Amino acid sequence: MNKAVNDGVWSGSWVAERLGVELEGDDGLTAMLGLALRRNPKRAHLLVSHVLGKHVPQSPAVVHGHGFRLGRRVRELLGEREAATAVVLGYAETATGLGHCVADGLGDAPYLHSTRRPVEGLTPAGGFEESHSHATSHLLLPEDPALLAGDGPLVLVDDEFSTGNTVLNTIRDLHARHPRRRYVVVALVDMRSADDAARLERFAAEIGARIDLVATASGTVRLPDGVLAKGQELVARHEAGAGLSDGGAHEAGAGQEGLAGGDRPAGDAPGASYGRTGRVDLHWPRGLPDGGRHGFTPAHRARLEAALPGMAARVAEALPAGARRVLVLGFEELMYAPLRIARELERVVPAEVRFSTTTRSPVLAVDDPGYAIRTRLAFPAHDDPADGPGERYAYNVAGAGFDAVVAVVDSAADTPLLRAPEGLLGRLAAHVPHVLLAVVPSYAPASPAAPERPPMLPEPLRGPAFSSYAPEEVGWLLQDLSDVTLEAPTEEREEAIQSGGAHYAESLPVEYQPSERYQELFHAALDASAARIAQAVGVVTETVIAELARSRPAPEAGAPAPRPVLVSLARAGTPVGVLMRRWAQYRHGHTLPHYAVSIVRGRGIDANALRWLAAHHDPRDVVFVDGWTGKGAITRELADAIEEFEKREGITGFSPEIAVLADPGSCVRTYGTREDFLIPSACLNSTVSGLISRTVLRADLVGPDDFHGAKFYRELAGADVSVAFLDAVAARFPEVDAAVDAAVEELAAGDRTPTWEGWRAVERISEEYGIHDVNLVKPGVGETTRVLLRRVPWKILARAGAGADLDHVRLLARQRGVPVEEVAELPYTCVGLIHPKYTRGATGADGKAVNL
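These remarks concern the structure in this document. Because the structure is predicted, anything quoted here is derived from the model rather than measured.

**Some details on the overall build of the protein chain**
Helix and strand content of the protein chain: 21 helices and 33 strands. Split into buried and exposed, the 852 residues of the protein chain put 61% on the buried side. In the protein chain, once contacts between residues fewer than 6 apart in sequence are set aside, the share between residues at least 24 apart is 77%. Surface exposure of the protein chain reaches about 31500 Å², of which carbon and sulfur atoms provide 50%.

What follows is the structure in structure tokens.
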């Protein structure tokens, strides 16, 4: 039987012996590469990869694994922060799938590959030449023109790095348009000479950028003088034999049928019936791109991951009973989708599954154990290529003993030529008992003439330009409205809000400075509760990490488990998100991404922030974080907003669950504690939250394509205790280690189902006190403090016997002239009541600035 991979003979020995070509390098290099002869006047030899899944059918796990591991190495090289801003660019057609796999390994990087298929009306974002190739013009056609405009690292992926010319051409073109500081070149094999390597170093110095190289193996090809002419002569001699070259090459097609018609390849079962073809409907997700031709985001990756088991199951059901050896055959640039389907199929069927793709590359086939391309099927191009008709090829398929081939093409290639007798399906059917066709919808970018969103949302704001937090602690998915006057006196805001004349998020309360006595209370409370808070931080963080590990097992054996992406609900959730990030670093050495986003009661979460997160991270890794729960209004708001976002955007994967430090309302499953105790960050406003205001959503300031807004109060730096609060809590981490482990174990064994006890209590209080509006009842220490700092309070309900946790509440209530009423039966430590029918003469407001 003809084999693509020989037994005990290097698949490059035939070329090496006849042309004097030598392959030198790392151990294992010859296991990765064989040699063949190009039918190309520009270069004689072809390095044939055994692990790429292009010319040689290979296990899809092996193909994906090589690219994935390269991506992990790039991530380690860049570090978490730079890796989060990286973009991956792959080369058509051979490395389109490899580049996708590298992006998978990198984690959250958007991906684009060059293409030779133009799109009418879509302006290229770049282009370059591949000088040695049979088809040289590469186009870069991202749907989002800003995809390549950022200043993060650009990761360029090719199957082999031979001279470096293609990479130099690419970087030269893109750097002139959008300069950046760092590039990483990734390849399965680095085969450059010393001169080529030095040339790349000089080029990097010329443009003032760093260029790193990551490769699985390295070596060099030694070419004797006159090798091009000798190779051309050898190709001509072997093609002159009416399709059968020395050694019995099977040149099936192009008038050289070899094993054509009803001839049965050696090794196939007697009586096998050839020519059976059929179709399988993959149920490809609507609107999901077929690959990286126009950009492939982490959100796209998440949708594909979710759909793969179903698609593989449909393919498995369509396979013939008893199939022992199955090939999933991709189509030219369409490598990644069929590779991932093949990988999933490999998990669920008992057959041996292999993956390769068709190609434009014209290569001589020689049926010899020492030659990498044993058989060739030739057929006409069937996707109406822009450069005109021509031959296409499938190598090492005929005679390889496949019981079934699943040909996966995009809809642009599902044409009559595909199904013609001399087309791909006909050629396959002549050599394989069963042929299945699966069609992936070709993704077409929206017409440039149509209205569209801004090409890319801005990068997160970071300190010290925005907030007093260190830049790595949190990225704010907000727009800076620091120069806009948004503050209004508390009594004016309350009257406007309750009369329906304004939403609470359309203005800001005045950021009052606390009195000396109040500051003393804050520091005393922090000293008393720091260890308690540290324990709650540890418990909620460990719970989040464990839950993600259970729901998202590592994608490849030995690969790191997915890590949470912390997304705090600004602003109360932000200090908690920073502390959770610090705990993960302290306890596990993990550097977790952390962002802050806006959510507004009655208006939902910032959809543009979700869109940004989906473009940069897998939504399934996102964990929303808040400080505490009251009655659970934000919990419900988030769930409704996520559902609406999925319907409108078609982006799935975000969990509506919230992780909180304290859940006294029993509204969530993931929490550090359900006790209602004083969290000192609730005592203050911006001066404990990185000097950032509440978020703002006002139509004249926040457009449909903008992040929600917020202000940075730089002028309050003298009173800022944001970092002091974090440091005080983090300093107690070591002393609560054991308590955290015990609490996590207890929580894992118990029932954490929300009871919504808090919501029922709020409804009861609302009716008992004649308020009849649950939005004016603010339960818990944190919410009560907010009422006293930002709203017009009516009265405070305090649990009888509540101690020091309420010292700051009692002080604020005295300063605002608000009565504190002790209540025997209260599920919370305290509850703040906003005046139900506010006018400026109501209890609790005298029209003057409150002296805190």
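**Description of the nonpolar core**
Ranked by internal contacts, the top residues of the largest apolar core, which has 130 residues, are Leu37, Val88, Val155, Val186, Tyr371, Val406 and Leu428. Those residues in contact with Val88 that sit more than four places away from it in its chain are Gly99, Val102, Ala103, Leu106, Ala109, Pro110, Tyr111, Leu112, Val155 and Val157. Grouped together as the second largest cluster of nonpolar side chains are 103 residues, Val540, Ile642, Val688 and Leu747 included.

**Some words on the sheet that holds strand β18 (residues 434-440)**
Spatially, the five strands line up as an open sheet ordered β12-β18-β17-β13-β14, and their pairing is parallel. Pairing within the sheet leaves two strands with one partner each, and these edge strands are β12 (276-279) and β14 (352-357). Between one strand axis and the next, the sheet turns by 20° as a mean value, whatever way the strands run. Relative to β18, β12 is paired through four bridges, and the arrangement is parallel. Counterpart to Arg276 in the pairing with β18 is His434. Sheet contacts for helix α9 (residues 336-348): β13 (325-330), β14 and β17 (404-410); angle to β14, the most-contacted strand, approximately 175°.

**Some remarks on helix α18 (residues 737-749)**
An ideal rise of 1.5 Å per residue puts 18 Å on 13 residues; α18 measures up with 19 Å between its terminal C-alpha atoms. Here α18 has its buried residues at Val740, Ala743, Val744 and Leu747. For α18, the angular spread of the buried residues around the axis is 100°, confining them to a single face. With respect to the buried face of α18, the exposed residues turned more than 90 degrees away are Ala738, Glu745, Glu746 and Ala749.

**Let's talk about the environment of Thr166**
Inspection of the secondary structure puts Thr166 in helix α5 (residues 165-177). It is 9.3 Å that separates the C-alpha atoms of Thr166 and Tyr91, two residues lying 75 residues apart in sequence.

**Overview of the packing of helix α3 (residues 60-83) against helix α4 (residues 96-106)**
Axes are the key here: two packed helices are described by the angle between their axes and the distance separating the axes. Orientation of α3 relative to α4, taken along the N-to-C sense of each, is 45°, at an axis distance of 6 Å. Relative to α4, α3 is oriented oblique. The element α3 and its partner α4 pack so that their crossing is right-handed. Residues His64, Gly67, Phe68, Leu70, Gly71, Arg72, Val74, Arg75 and Ala83 of α3 form the contact with α4, whose participating residues are Leu98, Cys101, Val102, Asp104, Gly105 and Leu106.

**Some thoughts on the packing of aromatic side chains**
For the structure on display, the rule yields 12 aromatic pairs. Taking the centre distance of 6.2 Å and the plane angle of 75° together, the rings of Phe296 and Tyr336 count as edge-to-face. Here Phe296 is found in the loop between β12 and α8 (298-318), whereas its partner Tyr336 is found in helix α9, with 40 residues between them in sequence. With relative accessibility at 2%, the residue Phe296 sits in the buried group. Their ring planes at 40° and their centres at 5.7 Å tell us that Tyr586 and Phe733 sit as a pair that is tilted. With Tyr586 in helix α14 (residues 573-588) and Phe733 in the loop between α17 (722-730) and α18, this pair connects stretches of sequence that are 147 residues apart. Judged by relative accessible area, Tyr586 falls into the partly exposed class, the value being 35%. Relative accessible area serves as the criterion here: at 2%, Phe733 is assigned to the buried category. Aromatic rings pair up to connect Phe466, Tyr469, Trp476 and Phe712 into one cluster.

**What to know about the pattern of salt bridges**
Under the counting rule described, the total for this entry stands at 47 salt bridges. Here Arg374 makes a salt bridge to Asp367, at a shortest N to O gap of 3.0 Å. There is no split in this pair, since Arg374 and Asp367 are both buried. Taking the shortest distance from any N to any O, the salt bridge between Arg587 and Asp737 comes out at 3.7 Å. Taken together, the residues Arg587 in helix α14 and Asp737 in helix α18 connect sequence positions 150 residues apart. According to the relative accessible area criterion, Asp737 is partly exposed, its value standing at 22%. The network of salt bridges with common partners includes Arg117, Asp290, Arg293, Glu333, Asp383 and Asp410.

**A few points about the environment of Thr673**
Mapping Thr673 onto the fold places it in strand β28 (residues 670-673). With relative accessibility at 14%, the residue Thr673 sits in the buried group. A C-alpha to C-alpha distance of 6.5 Å links Thr673 and Leu661, two positions 12 residues apart in sequence. What Thr673 contacts, discounting residues up to four positions off in sequence, is Ala536, Leu661, Ala662 and Asp663. Looking at Thr673, its side chain comes within polar contact range of the main-chain nitrogen of Glu675, at 3.1 Å.

**Re helix α15 (residues 607-616)**
Note that an α-helix has 3.6 residues per turn; residues three or four places apart therefore point the same way. The element α15 is largely enclosed, with a buried count of nine among its 10 residues. Within the sequence span of α15, burial applies to Ala607, Asn608, Ala609, Leu610, Arg611, Trp612, Leu613, Ala614 and His616. On its buried face, α15 sits against α8, β23 (565-570), β24 (594-600), β25 (604-605), β26 (622-628) and α16 (633-649). Put simply, Asp606 is the residue that caps the front of α15, since its side-chain oxygen is 3.0 Å from the backbone nitrogen of Asn608.

**Here we look at the pairing of β14**
Along any regular strand, the residues point their side chains to alternate faces of the sheet. For β14, the buried fraction is high: five of the six residues fall into the buried class. Here β13 runs beside β14; their pairing, made up of six bridges, is parallel. By the bridge assignment for β14, Arg325 is matched with Glu352. In terms of handedness, the path from β13 via α9 over to β14 forms a crossover that is right-handed.

**Details of the sheet that holds strand β31 (residues 793-799)**
Here four strands make up an open sheet; going across it, the order is β30-β33-β31-β32 and the pairing mixed. This sheet does not close on itself; its edge strands, each paired only once, are β30 (777-779) and β32 (820-823). In this sheet, neighbouring strand axes are inclined to one another by 20° on average, regardless of whether the strands run parallel or antiparallel. Of the strand pairs in this sheet, β31 and strand β33 (residues 830-834) are connected by five bridges, and their pairing is antiparallel. Its bridge partner being in β33, Ala798 is matched across the sheet by Cys830.

**Some details on the side chain of Glu547**
Considering the arrangement of structural elements, one finds Glu547 in helix α13 (residues 516-551). With a relative accessible area of 19%, Glu547 lands in the buried category. Polar contacts involving the side chain of Glu547 include one to the side chain of Thr670, which spans 3.2 Å. Discounting residues that sit within four places of it in the chain, Glu547 has contacts with Arg669, Thr670 and Arg752.

**Let's talk about the packing of α13 against α17**
Between α13 and α17, the least distance of the axes is 8 Å, while the angle of their chain directions is 60°. In terms of orientation, α13 lies oblique with respect to α17. α17 is crossed by α13, and the crossing has right-handed handedness. Contact residues: Leu526, Ala530, Ile533 and Ala534 in α13; Ala724, Phe725, Ala728 and Val729 in α17. Class assignment for the residues of the contact of α13 with α17 results in eight nonpolar, no polar and no charged.

Here is what the cut-offs are and how they apply
Residues numbered from 1 in each chain as written. Predicted model: local features only at pLDDT ≥ 70, side-chain atom pairs only at ≥ 80, totals over all residues. Heavy atoms only, no water. Helix = DSSP H or I, 4+ residues; strand = E, 2+ residues; numbered from the N terminus. Buried < 20%, exposed > 50% of the residue type's maximum accessible area, 1.4 Å probe, protein only. Contact = heavy atoms within 4.5 Å. Areas by Shrake-Rupley, 256 points an atom, 1.4 Å probe, with all protein chains shown as cover. Core = buried A, V, L, I, M, F, W, Y, C linked by side-chain atoms within 4.5 Å. Pairing = 2+ DSSP bridges. Axes fitted to C-alpha atoms, helices over the stretch in contact; angles between N-to-C directions. Expected span 1.5 Å × (residues − 1). Arc of directions from axis to C-beta. Parallel < 35°, antiparallel > 145°, perpendicular 65-115°, else oblique. Left-handed = near helix turned anticlockwise from the far one by under 90°. Phe/Tyr/Trp six-rings, centres within 6.5 Å; stacked < 30°, edge-to-face > 60°. Salt bridge = Lys/Arg side-chain N within 4 Å of Asp/Glu carboxyl O. Polar contact = N/O pair within 3.5 Å; in protein donor to acceptor, adjacent residues only side chain to side chain. Right-handed = clockwise from strand over helix to strand, strands pointing away. Nonpolar A, V, L, I, M, F, W, Y, C, P; charged D, E, K, R; others polar.

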